[in-house]
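Below, each chain spelled out in residue letters.
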Amino acid sequence: MKISASFLSSNYNLEDTIKYLNESSTDYIHVDFMDNTFVNNTSYSLKDLEVLKNTNKRLDVHLMVSEPLKYIDYFSKLNTEFISFHYEAVNNHLEIINYIKGKNIKVGMAINPETNIDVLNPFLDLIDLVLVMSVTPGRGGQEFIYNTVNKIKELKEKKNILINVDGGINKDTIKLVDTDIAVAGSYICKSDNFEERINSLRS
Ligand code: DX5
Ligand code: ZN
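What counts, and at which threshold
- Along every chain, residues carry numbers that run from 1 in the direction the sequence is written.
- Each chain is given a letter, starting from A, and each ligand a number, starting from 1, according to the order in which they appear as written.
- The model is predicted, so local features are restricted to residues of pLDDT at least 70 and side-chain atom pairs to those at 80 or more, both for listing and for counting; the totals for chains, interfaces and linings are taken over all residues.
- Only hydrogens and water are set aside; all other atoms, that is, all heavy atoms of the structure, feed into the side-chain values.
- What pLDDT expresses is the predictor's confidence in each residue, scored from 0 to 100.
- Strands are runs of DSSP state E lasting at least two residues, helices are runs of H or I lasting at least four, and both sets are numbered from the N terminus onward.
- Keep in mind that water is not among the atoms, so a site may look incomplete; donors are the N, O and S atoms within 2.8 Å of the metal, or 3.2 Å for Na, K and Ca.
- A four-donor site is called tetrahedral if each angle lies between 85 and 135 degrees; a four-donor site is square planar, and a six-donor site octahedral, when trans pairs exceed 155 degrees and the remaining angles lie between 65 and 115; all other cases are labelled irregular.
- Note on classification: 1.4 Å probe, protein chains only; a residue is buried when its accessible area is under 20% of the maximum for its type, exposed when over 50%, partly exposed between these limits.
- Near residues are defined by distance, with any heavy atom within 4 Å of the molecule or strand qualifying the residue.
- We call two N or O atoms a polar contact when they sit within 3.5 Å, provided that within protein one can donate a hydrogen and the other can accept it, with sequence-adjacent residues counted only if both atoms are side-chain atoms.
- Every accessible area reported is derived by Shrake-Rupley at a probe size of 1.4 Å, with residue values counting cover from the shown protein chains alone.
- In this classification, the charged set is Asp, Glu, Lys and Arg, the nonpolar set is Ala, Val, Leu, Ile, Met, Phe, Trp, Tyr, Cys and Pro, and all remaining amino acids, among them Gly, are polar.
- Only buried Ala, Val, Leu, Ile, Met, Phe, Trp, Tyr and Cys residues count toward a nonpolar core, and they belong to the same one when joined by side-chain atoms within 4.5 Å.
- Residues are treated as being in contact if the distance between any of their heavy atoms lies within 4.5 Å.
- Paired strands, in this sense, are two strands between which DSSP finds at least two bridges.
- Classification remark: right-handed applies to a crossover when, strands pointing away from the viewer, the course from the first strand over the helix to the second runs clockwise.

Undergrad: Run through the confidence of the model for the protein, naming residues and quoting values.
TA: In this model, the protein carries a mean pLDDT of 97, and residues with pLDDT of at least 70 account for 100%. Of all helices and strands in the protein, the one with the weakest mean pLDDT is helix α4 (residues 148-158) (97), whereas strand β4 (residues 80-86) scores best (99).

Now the structure itself:
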C-alpha cells in the first residue's frame, strides 16, 4: 500500500512540513484544497501552495470545492499524479473528468462517508481512482468512520480500480482497509518524527 501524506494539520509551518515530507519516504503528498464553498473551511491559498514547486514527490490533489475547473490548470503545472474532485460537489462530472484527462493527469472521484458507492457506476470506466472519504471532509484530525471498511469491500467487488482512503488513518485503522493508497495527515504531521510514523503505517 502506498502512503499519501496530508499536511492540512501539522505541528510545523508549511515550508518546514513540506521539507520534512520531501526528506521522508512518503509515496505521495496529499494536497487538500478547500475554498469555503463545498466545505465550510479554507486551506492554504494557491499562493501558499507554490512551496510545492520545490517538491520531487508526486502530488495527490484533493479538491473540496464546488468549481474544480477553476483550479485544474494551477495543479496541472505542479508535479501532480492525481486530481480528485467530489461527486457531491458538481453537476458537470464528465466535463471535469475530460478536462483533467486533457492535462495528462489521472482522475479521481471522491465520495463522502454518507454517499452510496452506486453513484459512481456511470463513471467507473472513465476515472482512474476513487477517493473514499473515511471522515466528513473539511478538517484533519477526525476519527475514522468504521463503515468505510464495508464500502471499500463493495467497491472492490464492483470494479478493479485504484482506491485511496482519506481520513482518520493511523497505525491501527490502516490495518482495516485494503486499498492501493492511504492518506494520513495528523498521524504523520503532528509528530516529531515523520519517517517513524510513515514506517509504522507500512508495517
Ligand atoms: C479532510 C481531508 C483529509 C485530512 C486527513 O477534509 O481531506 O485529507 O486532512 O487528515 P487526518 O489524517 O488527520 O484525518
Ligand atoms: Zn484529503
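Undergrad: Lay out the coordination of the zinc ion (ligand 2) with the relevant residues and their values.
TA: Protein coordination at the zinc ion (ligand 2) comes from His30 (NE2), Asp32 (OD), His62 (ND1) and Asp166 (OD), with a distance range of 2.0 to 2.3 Å. Coordination at the zinc ion (ligand 2) comes from 6 donor atoms whose angles at the metal span 72 to 170 degrees, giving a geometry best classed as octahedral. Written as a sequence motif, the donor residues of the zinc ion (ligand 2) are H-x1-D-x29-H-x103-D. Residue His30 is located in strand β2 (residues 28-34), and its partner Asp166 is located in strand β7 (residues 162-166); the two are separated by 136 residues in the primary sequence. Judged by relative accessible area, which is 0%, His30 ranks as buried. Classification of Asp166 by relative accessible area gives buried; the value is 8%.

Undergrad: How would you explain the site of ligand 1 if you had to name every residue and give the values?
TA: Inspection of the region around ligand 1 gives 19 residues, with Gly138, Gly141, Asp166, Gly185 and Ser186 positioned closest. At 2.8 Å, a side-chain N or O of Asp32 approaches an oxygen atom of ligand 1. Isolated, ligand 1 exposes 380 Å² of accessible area, and the fraction of that covered by the protein chains is 99%. A per-class count over the shell around ligand 1 returns 6 nonpolar, 10 polar and 3 charged.

Undergrad: How would you explain the nonpolar core if you had to name every residue and give the values?
TA: The biggest cluster of nonpolar side chains holds 57 residues, and the ones touching the most others in it are Phe7, Phe75 and Ile188. When residues of this core are assigned to their parent elements, the largest contribution, 4 residues, is made by helix α2 (residues 69-76). When near neighbours in sequence (up to four residues on either side) are disregarded, Ile188 contacts Ile3, Ala5, Leu21, Phe194, Arg197, Ile198 and Leu201. Residues Ala110, Leu129, Leu131 and Met133 belong to the second largest nonpolar core, which totals 8 residues.

Undergrad: A description of the pairing of strand β1 (residues 2-6) should follow, citing residues and the corresponding values.
TA: Of all 5 residues in β1, 4 are buried; the element is thus mostly enclosed. Pairing of β1 with strand β8 (residues 181-184), which is carried by 4 bridges, proceeds in the parallel orientation. From the neighbouring strand, Ala5 faces β8, where its bridge partner is Ala184. With 3 bridges connecting them, β1 and β2 associate as parallel partners. Bridge assignment links Ser4 to a residue of β2, and that residue is Tyr28. At this point the chain moves from β1, through helix α1 (residues 14-23), to the parallel β2, and the crossover so formed is right-handed.

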